[in-house]
Amino acid sequence: IMISASHNAYEDTGIKIFAPDGYKLSDEIELEIEDRLQGDLNKLLVKPQDFGRIHRFDDAMGRYVEFVKRTLPKKSNFNHLKVVYGIVFVFL
């Protein structure tokens, strides 16, 4: 899940949910999520006793960098780009 914040109006702030493979969800799934968010959320909430657990990974940034590198072709060249990164939260 990616949450984008904007210095513009709040309408420009967004939430993007990616599929497990890291690619965009289908339009059908996005519409289903939007429909559920506009409905009664109480019936969809997980009970506190059924929550998962949070694990801290001190090397999360390094793990993420290695994951991203593995998704690119070996001869990728990004010398002409500026890369900006942020904090990555991993919830299991």
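Cut-offs used in this document
Residues numbered from 1 in each chain as written. Predicted model: local features only at pLDDT ≥ 70, side-chain atom pairs only at ≥ 80, totals over all residues. Heavy atoms only, no water. Helix = DSSP H or I, 4+ residues; strand = E, 2+ residues; numbered from the N terminus. Rg over C-alpha atoms; globule rule 2.2 N^0.38 Å. Contact = heavy atoms within 4.5 Å. Areas by Shrake-Rupley, 256 points an atom, 1.4 Å probe, with all protein chains shown as cover. Buried < 20%, exposed > 50% of the residue type's maximum accessible area, 1.4 Å probe, protein only. Salt bridge = Lys/Arg side-chain N within 4 Å of Asp/Glu carboxyl O.

### Here's the deal with the overall build of the protein chain
Per the secondary structure count, the protein chain includes two helices and two strands. Counted from the first residue to the last, the protein chain has its helices and strands arranged as β-β-α-α. Against the compact-globule benchmark of 12 Å for 92 residues, the protein chain has a radius of gyration of 17 Å, which places it well outside the compact range. Summarising its shape, the C-alpha atoms of the protein chain cover approximately 50 × 35 × 30 Å along the three principal directions. Considering only contacts within the protein chain whose residues lie at least 6 apart along the sequence, 27% involve residues at least 24 apart. A total of about 9300 Å² of accessible surface is found on the protein chain, and carbon and sulfur atoms cover 59% of it.

### Here's the deal with the environment of L37
Counting through the fold element by element, L37 comes out in helix α1 (residues 27-38). Judged by its relative accessible area of 56%, L37 falls in the exposed class. Spatially, the C-alpha atoms of L37 and K74 are 40 Å apart, while their sequence positions differ by 37 residues.

### Side note on the environment of L72
By the secondary structure assignment, L72 is in the segment after α2 (60-70). As for L72 and G62, which are separated by ten residues in sequence, their C-alpha atoms are 16 Å apart.

### Here's the deal with the pattern of salt bridges
Here the structure, examined in full by the defined rule, presents seven salt bridges. Across the salt bridge formed by E30 and K24, the nearest N and O atoms sit 3.5 Å from each other. Classification of K24 as partly exposed rests on a relative accessible area of 46%. For D58, the salt bridge is made with R56, and the minimal N-O distance between the two is 2.9 Å. There is no split in this pair, since D58 and R56 are both exposed. Each of K16, K24, D27 and E30 takes part in salt bridges that share partners, so that together they form one network.

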